[in-house]
Amino acid sequence: TFFSVSYGRNSSWIFLCEEDTRIQIVKLLETLRRFDKSKEWFLGKALYDEESTIIHHYAFAENPTVFKFPDFAAGWALSIPLVNKLANKLKSEPLKSDFTIDLKHEIALYIWQKGNGPHLTPVPEFCTDDLNSYKAVHCATMFNNFLPVCEDPVKKEDIFVAVKTCRKFHRDRIPIVKQTWEGEAALVEYYSDYAETSIPTIDLGVPNTERGHCGKTFAILERFLNHSSSKTPWLVIVDDDTLISIFRLRKLLSCYDPNEPVFLGERYGYGLGTGGYSYITGGGGMVFSREAIQKLLASKCQCYSNDAPDDMVLGMCFSALGIPITHCPLFHQARPMDYPKDYLAHQIPISFHKHWNIDPVKVYFTWLAPKMEDSFTEKQQRRIREDL
C-alpha cells in the first residue's frame, strides 16, 4: 500500500532486494525494459521445492516443483499495475494467514491468488553469483556471499549454550551433539527432566511436556541470570536435535552489542496482518544477550502454562517490551533438504534442525563444521551437499 501511494503515479517498477545484494543499475534497467510496464509482472530468480515441506505448509504436495517463488537475495520486481492491484486488494481483504514462516513463498502465493494473479516470471539476469564470478558480466544483480564479521569473533567463553532435552532422548540425540558441535562450545549444559551424571544433565524441576516447553525455557533463562557467571554476555538455547556452528555464531555476534537487549535467530510471525507479533523459532536456536534476559525477567512476563510454546511466548513478551526481534536467515528451523538448493548455495549457514530421515553427523560436517583442509575439500563438500 505504501509503494502504491508513494510511487504509483510516477514510477514503473518497484524493485526489492537484500542489504548484501549488489546491483548493476544500467543492466537492471535494460532487463526491466524487456517487459511491458503497463502489464502485471512479478519478476525474480525462481526457487522451487523439490519435495513438499513443512516450512511451506506442504503446499502443492503432489508436485511442489510447479510453484516458483523469488530468491530475495537476487532481488525481485513488481510492475506498478501489479503493485496497485495488490494495494487495492489489501484494503478490502487483509492478510488472513495466522503464521508467517517463509515470506518469499507466502508473498508469491498471495500474488498468484490461486491462479487469478501472475506467476513468478524467472529472469536470468537476477543472479546470486558472487561478485567475482565469471557469470557476473551477464548479471544485473549479484550477491555478496559472506558471513557478517564486524570485529574479532566473540570469545568461546562469552557464549553459554543451553541444550533442552529429556530422558527419552538421552541415548540417541545427546551423542550426536557430542560427536558434532559440543567441542566448539566452552560453556554448555544439558537441561532435562532427569539428572544423568554420565552426560551430565541437570534436572530443572520442570516436568517434561510433549510440546511447548515454555516452563523449561524460562527456568533456563532464570538459571542463566542468577546462577551462571555474571560476565557471560550471550546465551544460546537449542533443542537436542539442533545442529549449530558455534564457530560461525562467534563471528556473527561480533556485529552485536551484548549491552543492548538482543534477541536473535530465525524470525517467524503470528497474526502480522492484524497487529500480531514476531518471534524467534526455537529449533534453529535462540540467541539472547544478558541485557535482553534481564529486561524480560524484570517485566514479570511469563508462561501461561509449562507446555505453552516457548518461542511464541517469548515473542509476545519482547513485543510488549518494545524490544525488536532480530532476524538472521542463516538460522534454519528445518533440515538442508527442506530448502531449495539454489537458496542454500549462497549461504554460510549457522544452524539446521531435526534428525528425521538424515544422517545428522554427515549434515553437520558437510554444512556447519569449521573448515579443515584435511577434512573435506570444497569439491567433496559440494558433491555431498548435492546428495543431502
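What counts, and where the lines are drawn
- Residues numbered from 1 in each chain as written.
- Predicted model: local features only at pLDDT ≥ 70, side-chain atom pairs only at ≥ 80, totals over all residues.
- Heavy atoms only, no water.
- Salt bridge = Lys/Arg side-chain N within 4 Å of Asp/Glu carboxyl O.
- Helix = DSSP H or I, 4+ residues; strand = E, 2+ residues; numbered from the N terminus.
- Buried < 20%, exposed > 50% of the residue type's maximum accessible area, 1.4 Å probe, protein only.
- Arc of directions from axis to C-beta.
- Contact = heavy atoms within 4.5 Å.
- UniProt positions renumbered as here; feature names shortened; annotations may be inferred.
- Expected span 1.5 Å × (residues − 1).
- Disulfide = S-S within 2.5 Å.

*Asks:* Pulling in residues and values, what's your account of the pattern of salt bridges?
*Replies:* All told, the structure shown has twelve salt bridges when counted by the stated rule. Among the salt bridges present, the one from Lys295 reaches Glu291, with a minimum N-O distance of 3.5 Å. Of this pair, Lys295 and Glu291 both sit in helix α8 (residues 290-298), four residues apart, roughly one helical turn. Since its relative accessible area comes to 37%, Lys295 is described here as partly exposed. Under the relative-accessibility criterion, Glu291 is labelled partly exposed at 22%. Between Arg335 and Asp338 there is a salt bridge, with its nearest N and O atoms 3.0 Å apart. Using a relative accessible area of 6% as the deciding quantity, one classes Asp338 as buried. Here the salt bridges share partners, and the residues they tie into one network are Lys164, Asp239 and Asp310.

*Asks:* An account of α8 is needed here, citing residue identities and associated values.
*Replies:* For α8, the set of buried residues is Arg290, Ala292, Ile293, Leu296 and Leu297. Take α8 and look down its axis: the buried residues cluster within an arc of 155 degrees, on one side only. Residues of α8 that are buried make contact with α6 (214-227), β13 (234-239), β18 (286-289) and α9 (310-321). Of the residues trailing α8, Lys300 is marked for its positive phi of about 70 degrees.

*Asks:* Residue-level account of unusual backbone geometry, with values.
*Replies:* Leaving glycine aside, a negative phi is the common case for residues, and trans is the common case for peptide bonds. Cis geometry is found at the peptide bond from Ile199 to Pro200, where omega equals -10 degrees. Tracing the backbone shows Pro200 in the loop between β11 (187-192) and β12 (201-203). With a phi angle near 50 degrees, Phe60 is a residue other than glycine that sits in the positive phi range. Within the secondary structure layout, Phe60 lies in the loop between β4 (46-47) and β5 (69-70).

*Asks:* Tell me what's going on with the UniProt feature "domain: Fringe-like glycosyltransferase" (unreviewed entry) in the protein chain, and back it up with residues and numbers.
*Replies:* In the numbering adopted here, UniProt assigns the feature "domain: Fringe-like glycosyltransferase" (unreviewed entry) to residues 9-92 and 153-363. With 25% helix and 21% strand, the stretch residues 9-92 has end C-alpha atoms that lie 21 Å from each other.

*Asks:* Which residues make up helix α3 (residues 80-92), and what values go with them?
*Replies:* Over its 13 residues, α3 extends 19 Å from the first C-alpha to the last, a length consistent with the 18 Å expected when each residue adds 1.5 Å. The set of residues buried in α3 consists of Ile80, Leu82, Val83, Leu86, Ala87 and Lys89. Structurally, α3 contributes buried residues whose contacts are with α1 (2-7), β1 (13-16), β3 (42-44), β6 (76-79) and α4 (103-112).

*Asks:* Quick one: what's the story with the state of the cysteines, residue by residue and with numbers?
*Replies:* Note: disulfide means a covalent bond formed between the sulfur atoms of two cysteine side chains. According to the stated counting rule, one finds four disulfides in the structure shown. Between the sulfur atoms of Cys127 and its disulfide partner Cys139 the distance amounts to 2.1 Å. Every disulfide takes its handedness from the sign of the S-S torsion; for Cys127 and Cys139 that torsion is -95 degrees, giving left-handed. Here Cys127 is found in the loop between β8 (121-122) and β9 (141-143), whereas its partner Cys139 is found in the loop between β8 and β9, with twelve residues between them in sequence. What makes Cys127 buried here is its relative accessible area of 6%. Taking the relative accessible area as the measure of exposure, Cys139 reaches 3% and is therefore buried. Each disulfide of the protein chain joins two cysteines, and with those cysteines numbered along the sequence the arrangement is 1-2, 3-5, 4-7, 6-8. Not engaged in a disulfide, the cysteine Cys166 finds its nearest cysteine sulfur in Cys214; these two sulfurs lie 17 Å apart. In this structure Cys328 is a free cysteine whose sulfur lies 9.6 Å from that of Cys255, the closest cysteine sulfur available.

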